[in-house]
Amino acid sequence: MRSYICKSDRSEIPKALDYIQECFDKKMIDKKKRVRPLLVAEEILEALCHYAEEGSELRIDVGGTLGNVELRYRCRGTEFDIDAIEEKLFLVKKTPGNEEANEVIRQLLERLFGNSLSIRNDKGMNRVSQTVVTSTYAVLIYTIAALVLGVIAGLLIQTLLPAETGKAISDYVFSPIYTVFMNALKMIVAPLVFFSIAASISEFSNLRALGRLAGRIIVMYVITSLIAIGIGIATYEIFPIGNPALVAAVDAEAATETIAKGESASVSIKDTLVGIVPSDVITPFQKSDMLQIIFMAVLLGLAAAALARQVPLIRDFVRTMNKAFSWITGCIVAFIPLIVFCSLAKMMVSMKLTDLVDVLVWVPVVYIGDILMICAYLLILLVVGGLNPLKFLGNYYPAMISGFTLASSNAALPSSIRQCGKMGVSEKIYSFSLPLGATINMDGSCITLIISSLFFARIYGLPVTGNMLLSLFIAIIVLSMGSPGVPGGNLVCLTLLVPQIGVPAEAVSLVMGLYPLVGMMQTMANVTGDAVVTTVIASREGLLDKDMFNLGMKQQ
Amino acid sequence: MEIRQKRDGDMLTIEIEGRIDAVTAPEIGKVLDNGLEGVTKLIFDLKDLEYTSSAGLREFLGAQQIMEEQGSMVIRNANEVVMDIFEETGFSEILDIEE
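None of the values given here were measured: they were computed from a predicted structure.

(A) Quick peek at the overall build of chain B. Counting its secondary structure elements, chain B contains three helices and six strands. What you see in chain B, going N to C, is helices and strands ordered as β-β-α-β-β-α-β-α-β. In chain B, of all internal contacts separated by at least 6 residues, the share reaching a separation of at least 24 is 68%. With the model as given, the accessible surface of chain B reaches about 4400 Å², and the carbon-plus-sulfur share is 42%.

(B) Examining the overall build of chain A more closely. Within chain A, the secondary structure is distributed over 24 helices and five strands. Of all 556 residues assigned to chain A, the portion counted as buried reaches 51%. Partitioning the intrachain contacts of chain A with sequence separation of at least 6 by distance along the chain shows that 80% fall at a separation of at least 24. As displayed, chain A offers around 24800 Å² of accessible surface, 62% of which is attributable to carbon and sulfur atoms.

(C) The arrangement of the nonpolar core in detail. Residue and element names in this part refer to chain A. Grouped together as the largest cluster of nonpolar side chains are 129 residues, with contacts concentrated most on Trp-362 and Phe-456. Examining the composition of this core, we find that 14 residues originate from one element, helix α6 (residues 163-202), more than from any other. Core analysis: the second largest hydrophobic core is formed by 72 residues, Ile-44, Cys-49, Phe-80 and Leu-89 among them.

(D) Expanded view of a negative patch on the surface. Residues and elements named next belong to chain A. On the surface, a cluster of negative charge is contributed by Glu-79, Asp-81, Asp-83 and Glu-87. Looking at where Glu-87 falls in the secondary structure, it is placed in helix α3 (residues 82-87). The exposure class of Glu-87 is exposed, given its relative accessible area of 56%.

(E) Just the pattern of salt bridges, in detail. Under the counting rule described, the total for this entry stands at 21 salt bridges over all chains. Close ionic contact of Arg-36 of chain A with Glu-88 of chain B constitutes a salt bridge, the shortest N to O distance being 3.9 Å. In this pair, Arg-36 of chain A is assigned in helix α2 (residues 31-50) and Glu-88 of chain B in helix α3 (residues 80-88), connecting two distinct chains. Classification of Arg-36 of chain A by relative accessible area gives partly exposed; the value is 25%. Its relative accessible area of 10% is what places Glu-88 of chain B among the buried residues. Its salt-bridge partner being Arg-4 of chain B, residue Glu-15 of chain B comes within 3.1 Å of it at the nearest N-O pair. With Glu-15 of chain B in strand β2 (residues 11-20) and Arg-4 of chain B in strand β1 (residues 2-8), the pair connects residues that are eleven residues apart, well separated along the chain. By relative accessible area, Glu-15 of chain B is classed as buried at 8%. The exposure class assigned to Arg-4 of chain B is partly exposed, which follows from its relative accessible area of 27%.

(F) Fine view of the sheet that holds strand β5 (residues 125-133) of chain A. Residue and element names in this part refer to chain A. Spatially, five strands are ordered β1-β2-β3-β5-β4 in an open sheet, and the strand pairing comes out antiparallel. What marks the edges here is a single partner per strand, and that holds for β1 (4-7) and β4 (117-122). Strand after strand, the sheet turns through a mean of 15° between neighbouring axes, direction not considered. Sheet topology note: the strand β3 (residues 69-76)/β5 ladder contains eight bridges and is antiparallel. Looking across to β5, one finds that Tyr-73 is bridged to Val-128. Along the sheet, helix α1 (residues 13-26) contacts β1, β2 (57-63), β3 and β5; its crossing angle with β2, the most-contacted strand, is approximately 10°. Here α2 sits on the sheet in contact with β2, β3, β4 and β5, set at roughly 175° to β5.

(G) Structural view of the interface of chain B and chain A. With 26 residues of chain B at the contact, the number on the chain A side is 28 residues. Summed over both partners, the interface of chain B with chain A comes to about 2400 Å²; 57% of that surface belongs to carbon and sulfur atoms. Contact with chain A buries area across many residues of chain B, yet Ser-54, Arg-58 and Glu-88 of chain B alone supply 28% of it, more than any other trio. On inspection of chain B and its partner chain A, the count reaches two salt bridges. Here Glu-80 of chain B ties to Lys-31 of chain A by a salt bridge, and the two come within 2.5 Å at their closest N and O atoms. At the boundary of chain B with chain A, the tally comes to four residue pairs in polar contact (both at pLDDT 80 or more). Of all the secondary structure elements, the ones that give two or more residues to the side of chain B that touches chain A are β4 (49-52), α2 (54-70) and α3 of chain B. When residues of the side of chain B that touches chain A are assigned to their parent elements, the largest contribution, eight residues, is made by α2 of chain B. In terms of residue class, the side of chain B that touches chain A is built from nine nonpolar, seven polar and ten charged.

(H) Examining the environment of Gly-38 of chain B more closely. With respect to the element layout, Gly-38 of chain B can be found in the loop between α1 (25-35) and β3 (41-45). A sequence separation of 26 residues divides Gly-38 of chain B from Leu-12 of chain B, and the C-alpha atoms of the two residues are 9.6 Å apart.

(I) Geometry of the packing of α1 of chain A against α2 of chain A. Residues and elements named next belong to chain A. As a packed pair, α1 and α2 sit with axes 10 Å apart at the nearest point and diverge in direction by 145°. In this structure, α1 crosses over α2, and the sense of that crossing is right-handed. Counting all contacts with α1, which are made through Ile-13, Ala-16, Leu-17, Ile-20, Gln-21, Phe-24 and Asp-25, the residues of α2 involved are Arg-34, Pro-37, Leu-38, Ala-41, Glu-42, Leu-45, Glu-46 and Cys-49. Along the lines of polarity and charge, the residues of the contact of α1 with α2 split into ten nonpolar, one polar and four charged.

(J) Representation of a nonpolar patch on the surface in the model. The grouping of Val-148, Leu-149, Ile-152, Leu-156, Leu-160 and Leu-161 of chain A at the surface amounts to a nonpolar patch, some 540 Å² of accessible area in total. Looking at the secondary structure, you find Leu-160 of chain A in helix α5 (residues 136-160).

Calculation rules
Residues numbered from 1 in each chain as written. Chains lettered and ligands numbered in written order. Predicted model: local features only at pLDDT ≥ 70, side-chain atom pairs only at ≥ 80, totals over all residues. Heavy atoms only, no water. Helix = DSSP H or I, 4+ residues; strand = E, 2+ residues; numbered from the N terminus. Contact = heavy atoms within 4.5 Å. Areas by Shrake-Rupley, 256 points an atom, 1.4 Å probe, with all protein chains shown as cover. Buried < 20%, exposed > 50% of the residue type's maximum accessible area, 1.4 Å probe, protein only. Core = buried A, V, L, I, M, F, W, Y, C linked by side-chain atoms within 4.5 Å. Patch = residues over 30% accessible without salt bridge, like charges linked within 9 Å, V, L, I, M, F, W, Y side chains within 5 Å. Salt bridge = Lys/Arg side-chain N within 4 Å of Asp/Glu carboxyl O. Lys, Arg positive; Asp, Glu negative; His and termini not counted. Charge placed at Lys NZ, Arg CZ, Asp CG, Glu CD. Pairing = 2+ DSSP bridges. Axes fitted to C-alpha atoms, helices over the stretch in contact; angles between N-to-C directions. Buried area = accessible area lost by both parts, 1.4 Å probe. Polar contact = N/O pair within 3.5 Å; in protein donor to acceptor, adjacent residues only side chain to side chain. Nonpolar A, V, L, I, M, F, W, Y, C, P; charged D, E, K, R; others polar. Left-handed = near helix turned anticlockwise from the far one by under 90°.

In short, geometric facts, not functional conclusions.
Okay, here's the thing in structure tokens:
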């Protein structure tokens, strides 16, 4: 598309916004999805004009590949940063309600700007880059392409080069890159999960005002998560995937060690429960002991919530650290396609192609688990809510498709809210229940985590004991509630989860390349669960318009 | 942007025509600074409002803060574009909007 050039004058801003609207038309961006980027664009243009050199030109370009859309702005002028844009929006008048109002504006700015802006000044030229659309398809395509290329590279090396050469390439090229990334992931996972859980729990004090209703919703969310883990275990019993030959594909030395440890260890359920409480705050991080980290995170979150008024700094600290570690994780996770390539290439240097099928089966098994969970939801609607499950599907399916295609509960939230409203659920419930569910109710993620854990346990020949299942149960429930809201957040949770059952974190590399495929179905299960719980509670509280629900999509 | 005010006892109706942006938003602030004494019900009639930026949202929020102390505030007749902005920014849950 052609660039747009105009004078850096405020009077030009409406025409510049018209150009941006045209770009959005050409990129076929949905009307509602344009709202926030347009608000942000206006603020960027205001700032660029405010700090512009007299007589300078403002230039706007639109770019992006594979479904990503990015706006790029350039204008000569003095340096500024995002604070300069944000400060202008805060209320400065001294009125009693100012603090609350500025908190609302802070949340608005977080919603608008988030991680979508990059501002820098390059020798007197202000350059702003605004991410408008981040396509999930781009991530999927890069990861699958890396997977395919990795398999091809590994097979070519195996077929065309002598075994020693192949091993040397694997040891000196693929392994070091892979090891660096896995170390980075293992480094970040404990603080990320710690602050993510603490931050989630610290927000709970806002729910006290909602009282009984919020309590019932949270209880039901926990119950559906327990059902999800049960369904995950049942699905795995029906399809007990996991070929021990895959062990060698990860790291033969570490694998032998792990299996030996697994065979000799016998920890009782009592020890597992007692072991949840650490005796100091440092060792859990050193050992990446997840249950102990979760315990400390829950305590810190509760403290932050309880002291929110007297010492707001604690909650701010937890939120800030959560953001910092989320950002760092985002940077590490951006390298996933490279790591997938190295991991698959390393694997295929010594593995048969047929053995790869033993990894690929993980995807359909997780899909089956998610489909069974959706069936369980429909049963809950019928038995607990007394509602027709087919009517629910007829009303809610657009949001389910959103969940599948966007692979993010938060991104699918507007669609979920819209469909719940259209099917007669009272705004009084869905306005907090759906955003809450998008954060703490991840039944699809529970299924992925449990199936993956049992898959790895079989690969490493570790017996599934009651103790192991208890550890997994507790950990998965808490992790799914406090799961980091970053792309690849679930993969990160898996990296922390599996060492608890004696599987090395490196095992996660077996499924890393396939995660985006599973993420889509998982999210569809997550958002469906949120809506089912919301609808059932609404029905039982008399906050569901049953005529609207039964009339369904015909009316729309 | 044009602002029209109608006062009826303790009820004040403010009609806004055109676009609210960073340049025009402060005019709303000036109206609110000078005209809310004795007002217990404030109505924003947005039937002629084409668009609002973040600066406009800020002014609505500021007005709501003031009216929470002395009465109530309601927004009426917002068009589809403005309603989308209220919904996508979460302001539809903060402001009292009548359809």
